[in-house]
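Listed below are the residues making up each chain.
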Amino acid sequence: MKQYPNLTNPLQIGSVTIKNRMFMAPMDTGFGNNEYGGFTEAGVEYFVKRAAGGFGLLYSGGTSVDTKVDGADTIVNHPEEFIATGKKMNERINAYGSKMFMQLSMNVGRNAGLKTPSVLPVLGNPSIKTQALTVEEIHSKVQDVAKAAKVCKEAGYAGVDIHALHWGHLLDTFALEFTNQREDEYGGSLENRLRFAKDIVEAIKAECGTDFPVTIRLAMKSYIKDFDKASFDGSQEVGRTLEEAIEIAKLLEKYGYDALSTDAGMLDAIYYAMPPSYVEKGFTIEMAAKLKEAVSIPILCGGRMADPDMDEAAIAEGKIDAVVIGRQAISDPNFAEKIVKGEPENVRSCIACNQGCIWGYFTKGQVSCAVNPEVGYETNEPLTKSADSKKVIIVGGGVAGMEAAYNAKLRGHEVTLYEKSDVLGGNLIPAGAHDFKAEVNELNEYYKHQMEVLQIDVRMQTEVSAELLKESGADVIILATGSKPIMPNLPGIDHVKTISGVDALLNKKKVGQKVVIVGGGLVGCEIALGYAEEGKNVTIVEALENIMQTGDVPSMNKAMLFDAFEYYHTNIMTSCRVKEINDIGVVVTLADGTEKTIEADTVVMSVGYRSVKSMAEELKNCEAQVFEIGDGNAVGNIMTCISEAYEVIMKL
Ligand SMILES: Cc1cc2nc3c(=O)[nH]c(=O)nc-3n(C[C@H](O)[C@H](O)[C@H](O)COP(=O)(O)O)c2cc1C
Ligand code: SF4
């Protein structure tokens, strides 16, 4: 059993003792709040589940408190229901030894075209300008946040977090010289730019008592080179530098904040704010360590921190005091409990894809999760044994097949899983081959481990026929046969230098220095990124007008890939069709009809996947219930595979 003595050690935040160093990051869910910022039943169950899952401290998502300036109904003018629900929820959270801080938002400023310190271009829409706040309006916001904190205290919250000196939200833009041109006491020197943050903590302490903990989120580096322009390698910075963040940390401590919840990024550099897997794990630790050297209040560290060994080492080495875990708490609500028990192998890894959580929130207004289909359904009955144990046969040991086997076994069915190859994982194996997709590999390891733990009857290297299935006596047959890469019928497709994306990822052939990737979807772009990072000369050839047009790629992943391609000088050729692959390379037809030959040592075909033909047709009149799930049903992604598998099993 692994031990994490530092992660599981209590931490003092002001007057409050937190039972361990694993804090759940503030994350709005979209489904968890009512119109005033109070919690719905779904929200309550979502948080209680994560308290039961072992997190020492839960932060709520950012809750707007301003009643006058941005003109909203909030917990300040509608406290009754919030207090009643909060009391009940906090009692339940406290029953697990966990505590909850409400994150009180000063609002998001220019990120949503709201008022800002100075007149600023709206995020992503620079022709529209914001309005500057008056001093009276600043004071009004301060009064509201103090009142809100009092309401939170009454509702049983153990403290509050101030949202936020990060992401370019309102307070952040006050603190940044780049976005604050005020000439009054809220602009100019760093102290003046932080006066708003100072007023807030002083007002809250005056209202709630000095022993009521107040933390604040602080981005230690903005990673921007201009409005709407990220600084990919961080070398150009017009926002916050680490040096300034250290000075800010000292001042925030002096003003009375009880801990600093650190991370990085502005929404102009969204991939450092909401880092996809291409951002290295633990990228904020060394910055946080510098802040820790400068202050004596706890430094909480967030952003790609979902690695217990890394976290344990960072705390042991005195670099940080606690970790603030976001998406991993969505994908596995029991993450902290599993670490306490020393069972990291049982953690359902967040794959840092952003697909369900932040992208779901941005595009559908609700968080979901690629690997955890229960997110948002916490009010449902927990997974229970089926009244009627059935004989379930699953064909295919990829992600859909293993998710189905896992849930079917937990529900008390008799499960046999057939896999025709000698490895489990299917397309998770190539997908997890990049260094920057290690979590996909971890997810595969998780599933494989669960097959063993649950003693599921897995028959490897066993190809089953429709006849065998018909005669098996199965009550339920689940076909999860996956997909294979499409190899279009082109002249030269069999050329020695041509390889499928899957085979390239599986290292089946040596890949040369000059690589052409045919197909600029997400998979092709990630393959391109991998080779670009290795220093190869990479060209992406895409038939559509732009790359990553299909498959609903989260904007932050897309933004990072585009910036990475610019950084690595990756050649992107769009509206460009492949005519032939030959000894020189790839002959393409450009949009104007002219032809061009791109030199290549290796041509990687990444033009999509095709479902592997299953036996559904042959099993039509079979007595068993037959389901086709995952890519074998319709080519999708990890999220669709897992959710289909879960759905089908829940109904058995
Ligand atoms: C769906 C979603 C909603 C979020 N909402 C908030 C929020 O309300 N306040 C905040 O400070 N951060 C918010 N965040 C950012 C997270 O707190 C965290 O900083 C981010 O997910 C990176 O950490 P991670 O790599 O551990 O996920 C949100 C993140 C997600 C995924
Ligand atoms: S959707 Fe992806 S990034 Fe978000 S929590 Fe789930 S696995 Fe993690």
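None of the values given here were measured: they were computed from a predicted structure.

## So, the site of ligand 2
The immediate surroundings of ligand 2 are formed by Arg327, Ile330, Cys350, Ile351, Ala352, Cys353, Asn354, Gly356, Cys357, Cys369, Ala370 and Val371. The site holding ligand 2 turns out to be the largest cavity. Residues belonging to the shell around ligand 2 are distributed by class as follows: nine nonpolar, two polar and one charged.

## A closer look at the packing of helix α7 (residues 242-255) against helix α9 (residues 285-294)
With their axes 9 Å apart at the nearest point, α7 and α9 run at an angle of 40 degrees to one another. In terms of orientation, α7 lies oblique with respect to α9. Handedness of the α7/α9 crossing: right-handed. In this structure, α7 uses Leu242, Ala245, Ile246, Ala249, Lys250 and Glu253 to contact α9, whose residues at the interface are Met287, Lys290, Leu291 and Ala294.

## A word on the site of ligand 1
Taken together, 21 residues sit near ligand 1, with Pro26, Gln103, Arg304, Gly326 and Arg327 positioned nearest. The backbone of arginine 304 places a nitrogen or oxygen atom 2.8 Å from an oxygen atom of ligand 1. Between an oxygen atom of ligand 1 and a main-chain N or O atom of glycine 326, the distance comes to 2.7 Å. Summarising the interface, the protein chains cover 96% of the accessible area of ligand 1, which totals 600 Å² for the free molecule. Partitioning the shell around ligand 1 into residue classes produces nine nonpolar, seven polar and five charged.

## What about empty space enclosed by the protein?
In total, this model carries two cavities of 30 Å³ or more according to the counting rule given. Computed from the structure, the largest cavity encloses a volume of approximately 80 Å³. Lining of the largest cavity is provided by 13 residues; of these, Cys350, Cys353, Cys357, Cys369 and Ala370 occupy positions nearest its centre. Here the residues of the lining of the largest cavity are counted per class, giving eight nonpolar, four polar and one charged. Empty space within the second largest cavity amounts to approximately 30 Å³.

## Quick look at the side chain of serine 261
The residue serine 261 is located in strand β12 (residues 259-263) in this model. Under the relative-accessibility criterion, serine 261 is labelled buried at 0%. A polar contact of 3.5 Å, which involves the side chain of serine 261, links it to the side chain of arginine 217. Not counting chain neighbours up to four residues away, the residues in contact with serine 261 comprise Tyr59, Asp161, Ile216, Arg217, Leu218, Leu300 and Val324.

## Comments concerning helix α14 (residues 399-410)
The end-to-end C-alpha distance of α14 is 16 Å, a good match for the 16 Å that 12 residues give at a rise of 1.5 Å each. With 10 of 12 residues buried, α14 lies mostly within the body of the structure. What α14 keeps buried is the set Val399, Ala400, Gly401, Met402, Glu403, Ala404, Ala405, Tyr406, Asn407 and Ala408. Next to the buried residues of α14 lie β15 (391-395), β16 (414-418), α15 (428-431), α16 (438-453), β18 (476-479) and α21 (638-650). Within two residues after α14, glycine 412 carries a phi angle of roughly 90 degrees, on the positive side.

## Considerations on the sheet that holds strand β4 (residues 57-64)
Taken in spatial order, the eight strands close into a barrel running β3-β4-β5-β8-β9-β12-β13-β14, and their pairing is parallel. Strand after strand, the sheet turns through a mean of 30 degrees between neighbouring axes, direction not considered. Bridge count between β4 and strand β5 (residues 99-105): six bridges; the pairing is parallel. When the bridges of β5 are listed, threonine 63 appears paired with leucine 104. Those strands touched by helix α6 (residues 195-208) are β8 (159-165) and β9 (214-219), and its axis lies near 165 degrees from that of β9.

## Let's talk about the UniProt feature "domain: NADH:flavin oxidoreductase/NADH oxidase N-terminal" (unreviewed entry) in the protein
The UniProt entry lists residues 7-345 under the feature "domain: NADH:flavin oxidoreductase/NADH oxidase N-terminal" (unreviewed entry), expressed in the numbering used here. Summarising residues 7-345: 36% helix, 18% strand, and an end-to-end C-alpha distance of 16 Å.

## What about the domain arrangement of the protein?
Splitting the protein by domain gives domain 1 (11-351), domain 2 (391-484 + 613-650) and domain 3 (498-607). Every contact between the two is made by six residues of domain 2 and, on the other side, eight residues of domain 3. Buried area between domain 2 and domain 3, summed over both chains or domains, comes out near 620 Å², and the portion from carbon and sulfur atoms is 71%. The largest share of the area that domain 2 buries against domain 3 comes from Pro430, His434 and Phe436, three residues that together contribute 70% of it. Inspection of the domain 2/domain 3 interface yields one salt bridge. The partner of glutamate 526 in a salt bridge is lysine 437, with the nearest N and O atoms 2.6 Å apart. Broken down by class, the residue content of the side of domain 2 that touches domain 3 amounts to four nonpolar, one polar and one charged.

## What about the pattern of salt bridges?
By the definition in use, this model includes 37 salt bridges. Note that lysine 150 and glutamate 207 form a salt bridge whose closest N and O atoms lie 3.9 Å from each other. Taken as a pair, lysine 150 in helix α3 (residues 135-154) and glutamate 207 in helix α6 lie far apart in primary sequence, 57 residues in all. The class of glutamate 207 is partly exposed, set by a relative accessible area of 38%. Between lysine 250 and glutamate 247 there is a salt bridge, and its shortest N-O distance comes to 3.3 Å. Taken together, the positions of lysine 250 and glutamate 247, both in helix α7 and three residues apart, correspond to about one turn of that helix. A relative accessible area of 36% places lysine 250 in the partly exposed class.

## A closer look at the packing of aromatic side chains
All told, the structure shown has 21 aromatic pairs when counted by the stated rule. Between tyrosine 278 and phenylalanine 436, the aromatic rings sit 5.5 Å apart at their centres with planes inclined by 85 degrees, giving edge-to-face as the arrangement. Placement of tyrosine 278 in the loop between α8 (270-273) and α9 and of phenylalanine 436 in the loop between α15 and α16 is noted, with a sequence separation of 158 residues between them. Each member of the pair, tyrosine 278 as well as phenylalanine 436, carries the same accessibility label: buried. What links up through ring pairs into an aromatic cluster is the set Tyr223, Phe232, Tyr271, Tyr272, Phe283, Tyr567 and Tyr568. Geometry around tyrosine 46 places arginine 50 over its ring, the cationic atom sitting 4.0 Å from the centre.

Rules of the game
Residues numbered from 1 in each chain as written. Chains lettered and ligands numbered in written order. Predicted model: local features only at pLDDT ≥ 70, side-chain atom pairs only at ≥ 80, totals over all residues. Heavy atoms only, no water. Near = heavy atom within 4 Å. 1 Å grid on protein atoms, 1.4 Å probe; cavity = no way out; pocket = protein on both sides within 12 Å on 5 of 7 lines; lining within 4 Å. Sits in = over half its atoms within 2 Å of the grid points. Nonpolar A, V, L, I, M, F, W, Y, C, P; charged D, E, K, R; others polar. Axes fitted to C-alpha atoms, helices over the stretch in contact; angles between N-to-C directions. Helix = DSSP H or I, 4+ residues; strand = E, 2+ residues; numbered from the N terminus. Parallel < 35°, antiparallel > 145°, perpendicular 65-115°, else oblique. Left-handed = near helix turned anticlockwise from the far one by under 90°. Contact = heavy atoms within 4.5 Å. Polar contact = N/O pair within 3.5 Å; in protein donor to acceptor, adjacent residues only side chain to side chain. Areas by Shrake-Rupley, 256 points an atom, 1.4 Å probe, with all protein chains shown as cover. Points joined across faces, edges and corners; volume = space filled by probe spheres on them. Buried < 20%, exposed > 50% of the residue type's maximum accessible area, 1.4 Å probe, protein only. Expected span 1.5 Å × (residues − 1). Pairing = 2+ DSSP bridges. UniProt positions renumbered as here; feature names shortened; annotations may be inferred. Domains from an automatic or database assignment. Buried area = accessible area lost by both parts, 1.4 Å probe. Salt bridge = Lys/Arg side-chain N within 4 Å of Asp/Glu carboxyl O. Phe/Tyr/Trp six-rings, centres within 6.5 Å; stacked < 30°, edge-to-face > 60°. Lys NZ or Arg CZ within 6 Å of the ring centre and 35° of its normal.

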